[in-house]
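# Structure at a glance
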Amino acid sequence: AVGAAGMITLTASALSTDAFAPFGQVLSAASAARQFTINGGNTERFHDLAELSAGADGRLIVSLFRGQPRALPFAVSMLERHPLGSQAFLPLGERPYLVVVAPPGAPPTPESVRAFLAAPGQGVNYAPGVWHHPLLALDAVSDFWVIDRAGPGDNCEEITLAEPVWVQRP
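Residues numbered from 1 in each chain as written. Predicted model: local features only at pLDDT ≥ 70, side-chain atom pairs only at ≥ 80, totals over all residues. Heavy atoms only, no water.

## Notes on the pairing of strand S9 (residues 97-102)
As a reminder of what qualifies: The cut-offs for exposure are 20% and 50% of the maximum accessible area for each residue type, with area from a 1.4 Å probe on protein chains only; residues under the lower value are buried, those over the upper are exposed, and the others partly exposed. Strands here mean DSSP runs of E at least two residues long; helices mean DSSP runs of H or I at least four residues long; both are numbered from the N terminus. Any two strands with at least two DSSP bridges between them are considered paired.
Along S9, six of the six residues are buried, which leaves the element largely enclosed by surrounding structure. Residues Tyr 97, Val 99 and Val 101 point to one face of S9 and Leu 98, Val 100 and Ala 102 to the other, with burial holding for every one of them. With five bridges joining them, S9 and strand S10 (residues 114-118) adopt antiparallel strand pairing. The partner of Val 101 across the bridge, within S10, is Arg 114. Relative to strand S13 (residues 136-137), S9 is paired through two bridges, and the arrangement is antiparallel. By the bridge assignment, Tyr 97 is partnered in S13 with Ala 137. Relative to strand S12 (residues 131-132), S9 runs antiparallel, the two being bridged by two bridges. Residue pairing in the sheet places Val 101 in a bridge with His 132 of S12.

Here you go:
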């Protein structure tokens, strides 16, 4: 929505598999296409949740990110993308967090930015080239497992938006 003096304000919508599909995958038990019991009936496997990509010359790595909480409303003034591989975020806690994205391709405009509120238990996998804001923890310091690409080439591009987009909770 365009507010006073042309300022763009987004209300974060609930993160869902269908709404997030243009940007990657939602990682949760609810988004699993297949699930089955393994390990002698002691474990439920939610199978093949993400299309992880390290590109031709890369390898997948696992890191721990510790995000400082952001207050809402929050001004999004920059986005980044990883053109050579995917990037998955898996929260370790039971707190919501904010996901801000724009379609892959040309540099995003403020009007192309989307915001989602991830519920506890939901992770995201950004497809290669999807514009997104770096980690946006809410409410408290939050830890995330991150699976992304290591290897040759420049796999992080940043852009400053022509004007900030303000994101608020629903």
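Read on for the rest.
## Concerning unusual backbone geometry
Residues Leu 72 and Pro 73 are joined by a peptide bond in cis, for which omega reads 0°. Residue position: Pro 73 is located in the loop between strand S6 (59-67) and strand S7 (74-81). Unusually for a residue other than glycine, Asn 39 sits at a positive phi of about 55°. Residue placement: Asn 39 occurs in the loop between strand S4 (34-38) and strand S5 (43-47).

## Observations regarding the pattern of salt bridges
Counted only if it meets this: We define a salt bridge as a contact between a side-chain nitrogen of Lys or Arg and a carboxyl oxygen of Asp or Glu at a distance within 4 Å.
Evaluated as defined, the whole model comprises three salt bridges. Two residues, Arg 169 and Asp 139, come together in a salt bridge whose shortest N-O distance is 2.8 Å. Of this pair, Arg 169 sits in the segment after strand S15 (157-168) while Asp 139 sits in the loop between S13 and strand S14 (142-150); the two residues are 30 residues apart in sequence, bridging distant segments of the chain. Looking at Arg 169, the relative accessible area reads 35%, which means it is partly exposed. For Asp 139, a relative accessible area of 54% translates into the label exposed.

## What about the side chain of Asn 125?
Using the following cut-off: A 3.5 Å cut-off defines polar contacts: any pair of N or O atoms within that distance qualifies, except that in protein one atom must be a possible hydrogen donor and the other a possible acceptor, and neighbouring residues in sequence count only when both atoms are side-chain atoms.
Note that Asn 125 resides in strand S11 (residues 123-126). Since its relative accessible area comes to 0%, Asn 125 is described here as buried. Side-chain polar atoms of Asn 125 contact the backbone oxygen of Glu 51, separated by 3.4 Å.

## Observations concerning the nonpolar core
Heads up, the rule is: Note on terminology: a nonpolar core comprises buried Ala, Val, Leu, Ile, Met, Phe, Trp, Tyr and Cys residues joined through side-chain atoms within 4.5 Å. Any two residues whose heavy atoms approach within 4.5 Å at even a single point are treated as in contact.
With 18 residues, the main nonpolar core has Val 76, Leu 79, Leu 98, Val 100, Val 113 and Val 167 as its most contacted residues. Among the elements of the structure, strand S1 (8-11), S7, S9, S10 and S15 are those that each provide at least two residues to this core. Sequence-distant contacts of Leu 98, defined by excluding residues within four places in its chain, comprise Ala 12, Leu 72, Phe 116, Leu 136, Leu 138 and Val 167. Among the nonpolar cores identified, the runner-up in size contains 16 residues, and Ala 118, Val 124, Tyr 126 and Val 130 belong to it.

## Digging into the sheet that holds S11
Formally: The angle between two axes is taken between their N-to-C directions and runs from 0 to 180 degrees, where each axis is a line fitted to C-alpha atoms and a helix contributes only its stretch in contact.
One open sheet accounts for five strands, arranged S3-S11-S8-S14-S6; its pairing is antiparallel. Two strands in the sheet have a free side with no partner beyond their single neighbour: strand S3 (24-27) and S6. Across the sheet, the axes of successive neighbouring strands diverge by a mean angle of 15°, strand direction being ignored.

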